[in-house]
Amino acid sequence: MSSSPSIPRTAVVGVLAGLLLTAAGPAYAATGPADGPAPLPLLASIAYAQCTSGGATSADTTIANQLRAQMNGSRLGQSLNAYNVSCARAITATVAGRGLDKRATVIAITTAITESSLHNYTEAVDYDSLGLFQQRPSQGWGTPAQLTDPVYATNAFLNAMLRKYPSNAWMSGDIGAICQRVQVSAYPDAYRLEVHDAQLLANALWGGGGGTPSKYWVDTNAAAPVFASPTSTAQTGTLNQGTNYVFCKAWGRQIGSGTSYNHWWLKTDPDTGLAGQYVSAYYLSRWGNDEAKDNNGVVIPDCAGGTRPKYWVDTYATAPVFAAPTSTAQTGTLNQGTNYVFCKAWGRQIGSGTSYNHWWLKTDPDTGPAEQYVSAYYLSRWGNDEAKDNNGVVIPNC
């Protein structure tokens, strides 16, 4: 439960017995802080949505069958199924897409097991809590539609974790305590009971769990040249047009034409040439500029050392963020403090008096979807129409 003293799920059996349900009311309700998790049979009857496009896969079933006997947590344990694994997979892919260490996946999955038993709940039971992390619209976590989007919900959790644990402080310390500090539950000890199970899932889903690398299937719109690295210019082979598998992504030189471009490169085994080469995500049939997702919309994880470069800047005030440098519809907020940005783009002017800036910086905000734009006007350093990081390095163009 986020930003409220409450257990991940409410013990609602006694409440339900005397509750008069109406068409306007929820199927389940809680009238105050809960005193224990709801029984698993009751949780299974609450409305929930798929966590991934297309639902659980055969690979999810295989992982569930492999791990079930090893699970020992009180919230999920040996009831683990392919749907739960698909939800953990969505969390894992989102963490990997942010370039964070696998430990962030363990922390996020621990929280989701504790809060929802890895169910993307679309029906509020405990106050207005929704989704994998039981985040509350009334507490500023997002809209109901956003909180039942596993990618958004995971990013919202990660943003809160990074804000409360700056300088990668979450890389050490008790995982249960970290979950509690982010979620602010009335039952802080509940999280530590699920760390073991979360670690099992993270190991199985992160880069193939140390065994055969996970494959992500993508459609390419043309025969594409491949290279030994994301920055190389010497072609080593070709990946044919069609459906192909890739393993991971890395940031590199821009490939594009006109207004279409991509800096992401996907590691793959091409049709001609050596295995383990890189093809530009520009050739993907789906998605847009600087996106790298598989055919189901799952963000392809970073290769080792392939994290997108981040530039650290100080913002002097809480700033609105937008989907594009020319947009006027606010999508979230970047808090005052030290934040990372990826790149800059020219857009509408933001300013006051003689101070102004046309540069917009792509970032992952504290509230709202990832990869939004904040005006460089809010930077604590530098001047009009400048966009540099805290060390004076000019932030590259998007």
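Note: the structure precedes this text.
Rules behind the numbers
- Residues numbered from 1 in each chain as written.
- Predicted model: local features only at pLDDT ≥ 70, side-chain atom pairs only at ≥ 80, totals over all residues.
- Heavy atoms only, no water.
- Core = buried A, V, L, I, M, F, W, Y, C linked by side-chain atoms within 4.5 Å.
- Buried < 20%, exposed > 50% of the residue type's maximum accessible area, 1.4 Å probe, protein only.
- Helix = DSSP H or I, 4+ residues; strand = E, 2+ residues; numbered from the N terminus.
- Contact = heavy atoms within 4.5 Å.
- Axes fitted to C-alpha atoms, helices over the stretch in contact; angles between N-to-C directions.
- Parallel < 35°, antiparallel > 145°, perpendicular 65-115°, else oblique.
- Nonpolar A, V, L, I, M, F, W, Y, C, P; charged D, E, K, R; others polar.
- Phe/Tyr/Trp six-rings, centres within 6.5 Å; stacked < 30°, edge-to-face > 60°.
- Lys NZ or Arg CZ within 6 Å of the ring centre and 35° of its normal.
- Pairing = 2+ DSSP bridges.
- Salt bridge = Lys/Arg side-chain N within 4 Å of Asp/Glu carboxyl O.
- 1 Å grid on protein atoms, 1.4 Å probe; cavity = no way out; pocket = protein on both sides within 12 Å on 5 of 7 lines; lining within 4 Å.
- Points joined across faces, edges and corners; volume = space filled by probe spheres on them.
- Lys, Arg positive; Asp, Glu negative; His and termini not counted.
- Polar contact = N/O pair within 3.5 Å; in protein donor to acceptor, adjacent residues only side chain to side chain.

One finds Ile91, Leu118, Met161, Trp170 and Leu201 to be the most contacted residues of the largest nonpolar core, which totals 74 residues. Examining the composition of this core, we find that eight residues originate from one element, helix α7 (residues 150-164), more than from any other. The residues contacting Leu118, other than those within four sequence positions of it, are Leu76, Tyr83, Asn84, Cys87, Ala88, Ile91, Ala112, Ile113, Leu132 and Leu201. Counting residues in each nonpolar core, the second largest holds 24 residues, with Phe227, Tyr278, Ala292 and Val298 among its members.

Inspection of the secondary structure puts Val195 in helix α9 (residues 195-205). For the pair Val195 and Asn72, spaced 123 residues apart in the sequence, the C-alpha separation amounts to 9.9 Å. Residues contacting Val195, with those up to four places away along its chain left out, are Val106, Thr110, Ile175 and Gly176.

For the rest of this paragraph, the subject is the packing of α7 against helix α8 (residues 175-183). With their axes 9 Å apart at the nearest point, α7 and α8 run at an angle of 105° to one another. The angle between α7 and α8 falls in the class roughly perpendicular. Of the residues in α8, those in contact with Phe157, Ala160, Met161 and Lys164 of α7 are Ile178, Arg181, Val182 and Gln183. Partitioned by chemical class, the residues of the contact of α7 with α8 number five nonpolar, one polar and two charged.

So, on to the packing of aromatic side chains. Centre-to-centre distance and the angle between the planes together describe a pair of aromatic rings. Throughout the structure, instances matching the rule amount to 15 aromatic pairs. Through successive ring pairs, a cluster of aromatic residues spans Tyr48, Tyr83 and Tyr121. Residue placement shows Arg253 over the ring face of Phe227; its charged tip is 4.8 Å from the ring centre. The ring of Phe322 carries Arg348 above its face, with NZ or CZ at 4.7 Å from the centroid.

Read from one edge of the open sheet, six strands run β3-β6-β7-β8-β4-β5, paired in antiparallel fashion. Among the strands making up the open sheet, the edge pair consists of β3 (216-220) and β5 (235-239). When strand polarity is set aside, the average angle formed by the axes of neighbouring strands in this sheet is 45°.

Once that is clear, we can look at the pattern of salt bridges. Under the criterion given, the structure shown has nine salt bridges. Where Asp314 meets Arg381, a salt bridge forms, and the shortest distance between an N and an O atom there is 2.8 Å. With Asp314 in strand β9 (residues 311-315) and Arg381 in the segment after β14 (372-375), the pair connects residues that are 67 residues apart, well separated along the chain.

Attention shifts here to empty space enclosed by the protein. All told, the structure shown has one cavity of 30 Å³ or more when counted by the stated rule. In this structure, the largest cavity spans a volume of roughly 30 Å³. Lining of the largest cavity is provided by Val218, Asp219, Leu284, Ser285, Arg286, Trp287, Lys293 and Asn295. Its residues assigned to classes, the lining of the largest cavity comprises three nonpolar, two polar and three charged.

Before going further, it helps to examine the side chain of Lys344. Inspection of the secondary structure assignment puts Lys344 in strand β12 (residues 337-352). It is Glu386 that comes nearest to the buried, bridge-free Lys344 among opposite-charge side chains, at 11 Å. For Lys344, the side chain forms a polar contact with the main-chain oxygen of Ile395, separated by 2.6 Å. Among the polar contacts listed, one links the side chain of Lys344 to the side chain of Asn397, at a separation of 2.9 Å. Here Lys344 is in contact with Trp359, Trp360, Leu361, Ala387, Val394, Ile395, Pro396, Asn397 and Cys398, once residues within four sequence places are set aside.

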